[in-house]
Amino acid sequence: MQRLVPLVHRTPLLTSQTTNNLLGKHVYFKMENQQKTGAFKFRGATFKLMQLTKAQLKKGVITASAGNHAQGVAYAAAKLGAKATIFMGEKTPLAKVNATRNYGAQVVLTGETFQEAYEASVEHQMKTGAEYIHPFDDYDVMAGQGTIAMEMLRQEDRIDTILVPVGGGGLISGIAVAAKYVNRNLRIIGVQASGAAAMHSSYHTGRSQNLKSVDTIAEGIAVKKPGKRTLPLIKEYVDEMVTVSDEEIASSIVYMLERNKTLMEGAGAAALAALFAHNKQIKSRHCGIIVSGGNMDIGTMPQIQQLADRLHHPILVNS
């Protein structure tokens, strides 16, 4: 893990008295929206690429992504001298597409969803022999994401619960394994958007559940099926899995902008949304929130505001 230190930002752990007072607990925000490329994904991508041989790097790397993993791989590849090809869905926010290209990657826009982009990227990989960097279903990628938990617990060792946004499960797998290694009594709670709750269903039924479609403003966690490698780790190490609505996510984005002058994307707001929505059930005195990313298309702000206005949230209304 020490090899990541020179490349990866040690992101701030912020607290806000307003939020603490509203929720009646100490809340700590791990600001991965301030990580290089604007999201935690740079950690896993960099750690994975560092495991490759010179010969593998020379063949280039390939992946599919909803956006943040793309930027992480593109930047890590640029740092380590590898050519990166990234497949992204046609609806990926322009900000994420442009940023990925700016890091020097070749971007291929294809398919309606992440799943379609992923399938196209796997097909392309078979033709080229480039090294595949999976966005979540890879142990090295998970290990890289796990550095977040190690950092958090060094920054604040009283944390007893960590809320983590979940798409395919790479982030929460890495965090849960690392956190429980440090303190096995730490509670890990996963959060999914209710319009993309494949991992939530799989966790609660005990069987891998695939969705036909996903519908959420949190495109970073809009994944149709859980990872084969992440699901068993989540079953073993994660204590609870909850969902939040798009309205709850939107109101958390607005809350953080207004109160803490911080921009979170939909996926990055999911963990805070869960704390607002499920606060009474979350028995924690020192609660960590993973703000996983901040790469939001600013053009969607009016839609976010409209969604937030629909929510009559007892905690937020009274604030």
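The structure we're discussing is the one just above.
Since this is a predicted model, take the numbers as computed values, not measurements.

Draft legend 1. Representation of a negative patch on the surface within the structure. Where like charges cluster on the molecular surface, the negative patch consists of Glu90, Glu116, Glu119 and Glu123. Within the fold, Glu116 resides in helix α6 (residues 114-128). Judged by its relative accessible area of 35%, Glu116 is partly exposed.

Draft legend 2. Local environment of the sheet that holds strand β5 (residues 106-109). Taken together, four strands build an open sheet; the order of strands is β5-β4-β3-β6 and the sheet is parallel. For this open sheet the edge positions go to β5 and β6 (131-132), each flanked by a neighbour on one side alone. Two strands pair when backbone bridges link them, and strand β3 (residues 61-65) and strand β4 (residues 84-88) are joined in this way by five bridges, in the parallel orientation. Looking at β4, one finds that Val61 is bridged to Ala84.

Draft legend 3. Looking closely at the environment of Ser65. Turning to its location among the elements, Ser65 is positioned in strand β3. The exposure class of Ser65 is buried, given its relative accessible area of 2%. Within the structure, Ser65 has its side chain in polar contact with the backbone nitrogen of His69 (distance 3.3 Å).

Draft legend 4. Looking closely at the pattern of salt bridges. Tallying each qualifying case throughout the model produces eleven salt bridges. Of the charged contacts, one joins Glu32 and Arg43 as a salt bridge, the two residues approaching to 2.7 Å between their closest N and O atoms. One end of the pair, Glu32, is in the loop between β2 (26-31) and α2 (41-50); the other, Arg43, is in helix α2, with eleven residues separating them in the sequence. For Asp138, the salt bridge identified is with Lys48, shortest N-O distance 3.0 Å. Pair noted here: Asp138 is in the loop between β6 and α7 (139-155) and Lys48 is in helix α2, with a separation of 90 residues, a long-range link. Beyond isolated ion pairs, a larger network of salt bridges with shared partners links Lys30, Glu32, Arg43 and Glu151.

Draft legend 5. Highlighting the packing of aromatic side chains. Across all of its chains, the model carries four aromatic pairs by this definition. With 5.0 Å between their ring centres and 80° between their planes, Tyr255 and Phe276 make a pair best called edge-to-face. Of this pair, Tyr255 sits in helix α11 (residues 246-260) while Phe276 sits in helix α12 (residues 266-277), and the two are 21 residues apart along the sequence. Of the residues examined, Tyr255 reaches a relative accessible area of 5% and is grouped as buried. Classification of Phe276 as buried rests on a relative accessible area of 2%. One aromatic cluster is present, built from ring pairs that chain together Phe42, Tyr75 and Tyr103.

Draft legend 6. Representation of the nonpolar core within the structure. If you look at the biggest cluster of nonpolar residues, it comprises 38 residues, and the most contacted ones within it are Phe29, Leu163, Ile249, Leu272, Leu275, Ile289 and Ile304. Going through the elements one at a time, β2, β8 (187-193), β9 (240-244), α11, α12, β10 (286-291) and α13 (301-310) are the ones with two or more residues in this core. The element that contributes the greatest number of residues to this core is α12, accounting for nine residues. Look past the residues within four positions of Leu275 in its chain and what remains in contact with it is Leu23, Lys25, Val27, Leu163, Ile282, Cys287 and Ile289. Counting residues in hydrophobic clusters, the runner-up holds 26 residues, among them Tyr28, Phe40, Val166 and Tyr203.

Conventions and cut-offs
- Residues numbered from 1 in each chain as written.
- Predicted model: local features only at pLDDT ≥ 70, side-chain atom pairs only at ≥ 80, totals over all residues.
- Heavy atoms only, no water.
- Patch = residues over 30% accessible without salt bridge, like charges linked within 9 Å, V, L, I, M, F, W, Y side chains within 5 Å.
- Areas by Shrake-Rupley, 256 points an atom, 1.4 Å probe, with all protein chains shown as cover.
- Salt bridge = Lys/Arg side-chain N within 4 Å of Asp/Glu carboxyl O.
- Lys, Arg positive; Asp, Glu negative; His and termini not counted.
- Charge placed at Lys NZ, Arg CZ, Asp CG, Glu CD.
- Helix = DSSP H or I, 4+ residues; strand = E, 2+ residues; numbered from the N terminus.
- Buried < 20%, exposed > 50% of the residue type's maximum accessible area, 1.4 Å probe, protein only.
- Pairing = 2+ DSSP bridges.
- Polar contact = N/O pair within 3.5 Å; in protein donor to acceptor, adjacent residues only side chain to side chain.
- Phe/Tyr/Trp six-rings, centres within 6.5 Å; stacked < 30°, edge-to-face > 60°.
- Core = buried A, V, L, I, M, F, W, Y, C linked by side-chain atoms within 4.5 Å.
- Contact = heavy atoms within 4.5 Å.

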